[in-house]
Amino acid sequence: MLRTEICGKPDLTFLMEAHDALSGTIAKRAGFKGLWASGLSIACSLGYRDANEASWTQIVEMVERIVGSTELPVLVDRDGGFGNFNNARLLARKLRQRCAAGVAIKDSCFPKMDSFVGNRHPLADIDEFCGRLRAVKDAVADDLVLVARIEALIAGHGMEEALLRASAYAASGADTILIHSRKSTADEILSFASAWGNCLPVVIVPTKYYRTPASKYRDARISTVIWANHSMRAVIAAMRHVCDRIIAEEGIAGIEKDIATLDEVFDLLRYDELALAEAQYLRPPSCSDSISSR
């Protein structure tokens, strides 16, 4: 499903960030056909910084929860793969076992720092990173969509470097190229797409250049747009607002109209299905009754 969405559809695909089972369930209810298991958002939900502080086992466990709660294809943001080629292929195998649909690996050094923190982050050596990609591809073949994420633009290394890396990563087995930018406009992303010529599908993350309309991406033949951290940021804003009001008002009467009702919670998590299942399985007709009725 993810390969079809990213690599096989002529129209633009949208992936929504999920950082846990609940956010994944809400994204599915909204109508999204695929999810982005965001490294930043998952780390945040675990109380860590986006600097490889969360372990790969914690990430894999969270991915399993997201997949199990939604059954949507999940593209997993896995930074640089937690080390060298061996770490990257081990991680890919574990993600395949937990039914992830794809993995995005970026050409950063370990440990990484979030792309929007600091300036001119060091990039991985091209040949070394190509080895990581080949190792992942050899380990999981076509069972996972392999997204090679290029940090050259966001790290200030320029368009020529970004295109050089894209060509090398395509030759090393990447299925798609994710090109990232911290600019407030999409100009350099669109310039990359034009120069790249759709040699492989292009994935983008418009966190900073959010004012650009989707029509611009369609015109540039972009494959996929990832809304990469917005559920997590919405949760932070909403919980902070509610907590501040409750402590200030010393009560909850004023906030009830602004939060989900318990009935909405029960509906989202399908409590009705549990009730039906209890009627069917918890007290089914006894075996003896069934036999006697024959």
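Everything below is about the structure shown above.
Residues numbered from 1 in each chain as written. Predicted model: local features only at pLDDT ≥ 70, side-chain atom pairs only at ≥ 80, totals over all residues. Heavy atoms only, no water.

Caption draft 1: Seen up close, the nonpolar core. Leu95, Tyr169, Ile177, Ile179 and Ile204 are the most contacted members of the largest nonpolar core, which totals 60 residues. If you tally residues by element for this core, the top one is helix α6 (residues 126-140), at seven residues. With residues near it in sequence (within four places) discarded, Tyr169 still touches Asp107, Ile126, Phe129, Cys130, Leu133, Ala148, Ile150, Ala174 and Ile177. (Core = buried A, V, L, I, M, F, W, Y, C linked by side-chain atoms within 4.5 Å. Buried < 20%, exposed > 50% of the residue type's maximum accessible area, 1.4 Å probe, protein only. Helix = DSSP H or I, 4+ residues; strand = E, 2+ residues; numbered from the N terminus. Contact = heavy atoms within 4.5 Å.)

Caption draft 2: Structural detail: the sheet that holds strand β1 (residues 13-18). In spatial order, the strands read β1-β2-β3-β4-β5-β6-β7-β8; together these eight strands close into a barrel with parallel pairing. This sheet shows a mean twist of 25° between the axes of neighbouring strands, independent of strand direction. Where strand β5 (residues 145-150) lies against strand β6 (residues 176-179), four bridges are found, and the strand directions are parallel. Bridge pairing links Ile150 to Ile179 in β6. This element, helix α4 (residues 56-70), spans β1, β2 (35-37) and β3 (74-77) of the sheet and lies at about 160° to β2. (Pairing = 2+ DSSP bridges. Axes fitted to C-alpha atoms, helices over the stretch in contact; angles between N-to-C directions.)

Caption draft 3: Focus on α6. Its 15 residues place the ends of α6 21 Å apart at the C-alpha level, agreeing with the 21 Å of an ideal helix rising 1.5 Å per residue. The element α6 is largely enclosed, with a buried count of eleven among its 15 residues. All buried positions along α6 are accounted for by Ile126, Phe129, Cys130, Gly131, Arg132, Leu133, Ala135, Val136, Lys137, Ala139 and Val140. If you follow the buried residues of α6, they end up packed against α5 (85-97), β4 (102-106), β5 and α7 (159-171). (Expected span 1.5 Å × (residues − 1).)

Caption draft 4: Inspection of empty space enclosed by the protein at higher detail. Going through the model one piece at a time under the given rule, you end up with three cavities of 30 Å³ or more. Computed from the structure, the largest cavity encloses a volume of approximately 190 Å³. Taken together, 18 residues form the lining of the largest cavity, with Leu40, Asp77, Asp114, Arg149 and His180 sitting closest to its centre. Here the residues of the lining of the largest cavity are counted per class, giving five nonpolar, six polar and seven charged. As a volume, the second largest cavity reaches approximately 60 Å³. (1 Å grid on protein atoms, 1.4 Å probe; cavity = no way out; pocket = protein on both sides within 12 Å on 5 of 7 lines; lining within 4 Å. Points joined across faces, edges and corners; volume = space filled by probe spheres on them. Nonpolar A, V, L, I, M, F, W, Y, C, P; charged D, E, K, R; others polar.)

Caption draft 5: Seen up close, the packing of helix α2 (residues 21-30) against α4. The geometry of α2 relative to α4 is characterised by a closest axis approach of 8 Å and an angle of 35° between their N-to-C directions. As α2 runs across α4, the sense of the crossing is right-handed. Contacts between α2 and α4 involve Ala21, Gly24, Thr25 and Lys28 from the first element and Arg65, Ile66, Ser69 and Thr70 from the second. (Left-handed = near helix turned anticlockwise from the far one by under 90°.)

Caption draft 6: Here's a closer look at the pairing of β3. Alternating residues of β3 divide into Val74 and Val76 and Leu75 and Asp77, and every residue in both groups is buried. Where β2 meets β3, three bridges bridge the pair, whose relative direction is parallel. Pairing of Leu35 across the sheet is with Val74, part of β3. Note that β3 and β4 share three bridges and pair parallel. Within β4, the residue paired with Leu75 across the bridge is Gly102.

Caption draft 7: Molecular detail of the packing of aromatic side chains. Applying the stated rule across the entire model yields six aromatic pairs. Between Phe14 and Trp227, the ring centres sit 5.7 Å apart and the planes meet at 10°, which makes this aromatic pair stacked. With a gap of 213 residues between them, Phe14 in strand β1 and Trp227 in strand β8 (residues 224-227) connect regions that are remote in the sequence. Residue class for Trp227 comes out partly exposed when judged on its relative accessible area of 27%. (Phe/Tyr/Trp six-rings, centres within 6.5 Å; stacked < 30°, edge-to-face > 60°.)

Caption draft 8: Local environment of unusual backbone geometry. Positioned with a positive phi, Glu71 is a non-glycine residue whose angle comes to about 65°. You can see Glu71 is positioned in the loop between α4 and β3. Relative accessible area serves as the criterion here: at 66%, Glu71 is assigned to the exposed category. Of note, the phi angle at Glu250 is positive, near 55°, even though the residue is not glycine. Here Glu250 is to be found in the loop between α10 (230-249) and α11 (262-268). Judged by its relative accessible area of 74%, Glu250 falls in the exposed class.

Caption draft 9: Spotlight on the side chain of Ser181. Locating Ser181 in the fold gives a position in the loop between β6 and α8 (187-196). Overall, the relative accessible area of 0% leaves Ser181 in the buried class. At a separation of 3.1 Å, a polar atom in the side chain of Ser181 contacts the main-chain amide nitrogen of Lys183. Within the structure, the side chain of Ser181 is placed 2.6 Å from the side chain of Glu188, a separation counted as a polar contact. Those residues in contact with Ser181 that lie beyond four places of it in its chain are Phe116, Ile154, Glu188, Ile189 and Tyr209. (Polar contact = N/O pair within 3.5 Å; in protein donor to acceptor, adjacent residues only side chain to side chain.)

Caption draft 10: Expanded view of the layout of surface pockets. Taken as a whole, the largest pocket encloses approximately 680 Å³ of empty space. Taken together, 21 residues form the lining of the largest pocket, with Leu22, Ile26, Val235, Ala238 and Ala260 sitting closest to its centre. Put simply, the parts of the chain that give the lining of the largest pocket at least two residues each are α2, α10 and α11. Ranked by residue count, the leading element in the lining of the largest pocket is α10, at seven residues.

Function-wise, these values are silent; they only describe arrangement.
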